[in-house]
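Per-entry structural report
Spelled out, the chains give:
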Amino acid sequence: MLDIGCASWPFYDNRNIEIRFSIFKKRIFGLMRRCAKCILPDDFPNIKFDSNGVCNYCHEWDRKWSTFDYAKAERELVTIFDSAKAKKRRYDCLIPYSGGRDSSYVVYLCKNRYGLNPLVVTFNNLFMSQHAIQNIFNMSKILNVDHVMVTYKPDILMKMYRAMIKGGGEFCSICTTGINYVKIIYQKLFSIPLIISGTSTRVDEQSPFEVTSTHPLYVRRVLIKSGFFSDEINSLLIKRQYELSVFEKIRIKLFDTDYVQINLPDYIPWDNMEIQQVLENELGWETPHKHKDHIDCKFASIKYYLKNKQIPNFIFTQEKYSQLIRDRQMTRKEALKLLDKKIQNERYEPEAFDDFLNFFNLQRKDIDNKAGKSHLDYIAKDELAIKEGVLLKLMSTPWKIYKKLKH
Ligand SMILES: [Zn+2]
C-alpha cells in the first residue's frame with residue numbers, strides 16, 4: 001500500500017488556525033466583514049478587499065463577464081455546432097445528464113434550438129431523487145433523444161462512497177468521478193466530437209481549491225489509503241490529461257478521436273427564471289421547490305452539512321448567491337436574508353440525515369470529523385499544475401499533420 005503521508009500539509013493547520021481565529025473574532029467582537037458588492041466574508045480563502053470594500057472575486061467576475069459579448073459568443077457556438085454536425089457521426093454531441101435543472105435545459109436547447117442529435121448519458125449515483133428519474137423519462141420522451149443510464153457495480157461503488165466519507169469527509173467526489181467515467185466511455189464508444197455540459201462559471205458556485213476539490217489524484221489517494229486495489233480504482237477513475245504519462249498521451253493522440261468540451265452557459269445567457277419557465281412549459285418538468293438547486297440528488301443537503309464539519313460555519317450557498325448578485329439575478333439584501341436563514345438551519349441535522357446514514361450503513365461517529373479532514377489532507381495546490389512533457393511539445397506539429405491525414 002502506498003503511504004502518501006496524510007498526516008497534514010503545513011497549510012492545512014494554518015488554515016484551521018486562521019478560520020478559528022476569525023470565528024473567535026466574529027463571535028467576541030462582532031467584527032465580521034463582508035464584501036460590499038457580493039456577500040463573501042473576510043475569512044473566505046484568498047479574499048482581498050479594495051478601498052471601496054469590494055472583493056477580488058467580484059473584480060475577477062467583472063473582468064470576464066461585465067462586457068461579455070453574447071452575440072459574438074453565440075456565433076462562435078454555432079460554428080462549434082456546425083463543425084460537429086459536419087463530421088456526420090452517429091451523434092453530434094454527448095450531454096452528461098443528472099435530471100437536474102441545468103442539464104435538462106442543456107438537452108432542451110441542443111435539441112430544439114440548435115438542432116443537434118445528442119446522446120444523453122446519466123451516471124446512476126445510486127441516490128438520484130424520484131424527481132430526477134421522472135424528469136429524465138419525460139425529457140427523453142418529449143424531446144425524442146437517445147438516453148443511456150449507466151450503473152457501475154453498486155457494491156464497489158458503495159464501498160467507495162463509504163471510504164470517501166470516512167477518509168475525505170464528503171461523497172461528491174465519487175459521484176463526479178462516475179459522471180466523468182460515463183462521459184469518456186461513451187465519447188470513445190461512438191467517437192462523439194463534442195461534449196456539452198451545463199456548468200456555469202458565470203452563475204454557479206466557484207469554490208477555490210481550499211474549499212473543495214474532486215480532483216482524481218485526491219480520489220485515488222483516499223481509495224488507496226482505504227485498501228482499494230489499483231485495478232478497482234482504474235475501472236472507474238479516468239485519469240485527467242495532466243495525470244497521464246507522456247506515453248499514455250501519445251497513445252491517446254494517435255488512436256482516440258479528438259473531442260471538444262464546452263459549458264453551454266459560457267456562451268449564452270443563463271437566467272434561472274427563464275430556465276424554470278421553459279422546463280415547466282416545454283418539458284413537463286417536476287421540482288419540489290422552484291428555487292432549489294440540486295433537486296437531482298437525494299442527499300444534496302448532506303453535502304453542505306458535511307462541509308460545515310470540515311470548515312466550521314462555512315455556508316456553501318454564499319458563493320452561489322454571490323454569483324447571482326454579480327449577475328443581477330438577486331439583490332445583496334435578498335441574499336443576506338436567505339443566508340441568515342441558512343446559518344440558522346445549518347446548525348441542525350438535515351432531515352435526510354438518518355436516511356443518509358442508513359443508506360451508506362454509517363454511524364454518527366463515522367462522520368464526526370472533529371479534525372476537519374478534507375481533500376487538503378491528500379493533495380497540495382501546486383500538484384495540480386499542468387506539466388506538459390518536452391517530448392510532447394516537440395511532437396505537437398507532427399501530430400496535427402497526422403490527425404489531418406487520418407480524417
Ligand atoms: Zn465580492
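What you see is a predicted model, and the numbers here were worked out from it, not measured in a lab. (Residues numbered from 1 in each chain as written. Predicted model: local features only at pLDDT ≥ 70, side-chain atom pairs only at ≥ 80, totals over all residues. Heavy atoms only, no water.)

**Examining the coordination of the zinc ion**
Surrounding the zinc ion are the protein donor atoms Cys 35 (SG), Cys 38 (SG), Cys 55 (SG) and Cys 58 (SG), at 2.3 Å. Classification of the site at the zinc ion as tetrahedral follows from its 4 donor atoms and the range of 104 to 113° in their angles at the metal. Linear spacing of the donor residues for the zinc ion on their chain is C-x2-C-x16-C-x2-C. One end of the pair, Cys 38, is in the loop between helix 1 (10-29) and helix 2 (56-65); the other, Cys 58, is in helix 2, and 20 residues separate them in sequence. Across the pair, exposure class does not vary: Cys 38 and Cys 58 are buried alike. (Donors = N, O, S within 2.8 Å, 3.2 Å for Na, K, Ca; no water. Tetrahedral: all angles 85-135°; square planar, octahedral: opposite > 155°, others 65-115°. Helix = DSSP H or I, 4+ residues; strand = E, 2+ residues; numbered from the N terminus. Buried < 20%, exposed > 50% of the residue type's maximum accessible area, 1.4 Å probe, protein only.)

**A word on the packing of helix 7 (residues 172-190) against helix 8 (residues 216-225)**
Running from N to C, helix 7 and helix 8 point in directions that differ by 115°, and their axes come no closer than 10 Å. Handedness of the crossing formed by helix 7 with helix 8: left-handed. Across the interface between the two elements, Ser 173, Ile 174 and Thr 177 from helix 7 touch Tyr 218, Val 219 and Leu 223 from helix 8. Residues of the contact of helix 7 with helix 8, tallied by class, amount to 4 nonpolar, 2 polar and no charged. (Axes fitted to C-alpha atoms, helices over the stretch in contact; angles between N-to-C directions. Left-handed = near helix turned anticlockwise from the far one by under 90°. Contact = heavy atoms within 4.5 Å. Nonpolar A, V, L, I, M, F, W, Y, C, P; charged D, E, K, R; others polar.)

**Here we look at the pairing of strand 2 (residues 118-123)**
Burial runs high along strand 2: 6 of the 6 residues are buried. Across 5 bridges, the pairing between strand 2 and strand 3 (residues 146-150) is parallel. Looking across to strand 3, one finds that Val 121 is bridged to Val 148. (Pairing = 2+ DSSP bridges.)

**Overview of the confidence of the model for the protein chain**
Summing up the model confidence of the protein chain, the mean pLDDT is 84 and the portion of residues at 70 or higher is 84%. The model gives residues 1-17 a pLDDT under 50, and that stretch makes 33 contacts with residues more than four places away or in other chains. (pLDDT = per-residue confidence, 0-100.)

**Some remarks on unusual backbone geometry**
In this structure, Arg 328 is a non-glycine residue whose phi angle is positive, near 60°. Mapped onto the secondary structure, Arg 328 falls in the loop between helix 13 (317-326) and helix 14 (332-345). Assessed through its relative accessible area of 78%, Arg 328 is described here as exposed. Residues other than glycine seldom take positive phi values, yet Asn 361 does so here, at roughly 55°.

**Remarks on the pattern of salt bridges**
For the coordinates displayed, the defined rule picks out 9 salt bridges. Between Glu 205 and Lys 303 there is a salt bridge whose closest N-O contact spans 3.6 Å. Here Glu 205 is found in the loop between strand 4 (194-197) and helix 8, whereas its partner Lys 303 is found in helix 12 (residues 300-310), with 98 residues between them in sequence. Salt bridges linked by common partners bring Glu 349, Asp 354 and Arg 364 together as one network. (Salt bridge = Lys/Arg side-chain N within 4 Å of Asp/Glu carboxyl O.)

**Examining the environment of Asp 354**
Relative to the helices and strands, Asp 354 is located in helix 15 (residues 353-359). Spatially, the C-alpha atoms of Asp 354 and Arg 364 are 9.2 Å apart, while their sequence positions differ by 10 residues.

**As for the nonpolar core**
Counting 53 residues, the largest nonpolar core has Tyr 161, Phe 171, Phe 299, Phe 356 and Phe 360 as the members making the most contacts within it. Looking at this core, the elements that each hand over two or more residues are strand 2, helix 6 (154-168), helix 7, helix 8, helix 12 and helix 15. The element contributing the most residues to this core is helix 6, with 8 residues. If we ignore the near neighbours within four places in the chain, the residues touching Tyr 161 are Phe 123, Asn 125, Phe 127, Phe 171, Ile 174, Cys 175 and Phe 360. Among the nonpolar cores identified, the runner-up in size contains 45 residues, and Ala 84, Tyr 97, Val 145 and Tyr 321 belong to it. (Core = buried A, V, L, I, M, F, W, Y, C linked by side-chain atoms within 4.5 Å.)

**Looking at the packing of aromatic side chains**
According to the stated counting rule, one finds 25 aromatic pairs in the structure shown. Here Phe 44 and Tyr 57 contribute two aromatic rings whose centre-to-centre distance is 5.3 Å and whose plane-to-plane angle is 90°, an arrangement assigned as edge-to-face. Pair noted here: Phe 44 is in the loop between helix 1 and helix 2 and Tyr 57 is in helix 2, with a separation of 13 residues, a long-range link. The exposure classification of Phe 44 matches that of Tyr 57, with both residues buried. With a centroid separation of 5.7 Å and 75° between ring planes, the pair formed by Phe 127 and Phe 360 is classed as edge-to-face. You can see Phe 127 sitting in the loop between strand 2 and helix 5 (130-143) and its partner Phe 360 sitting in the loop between helix 15 and helix 16 (390-394), a full 233 residues away along the chain. The same class applies to Phe 127 as to Phe 360, namely buried. Grouping aromatic residues by their ring pairs yields a cluster made of Phe 127, Tyr 161, Phe 171, Phe 299, Tyr 305, Phe 353, Phe 356, Phe 359 and Phe 360. Stacked on the ring of Tyr 152, the Lys or Arg Lys 153 has its end atom at 5.3 Å from the ring centre. (Phe/Tyr/Trp six-rings, centres within 6.5 Å; stacked < 30°, edge-to-face > 60°. Lys NZ or Arg CZ within 6 Å of the ring centre and 35° of its normal.)

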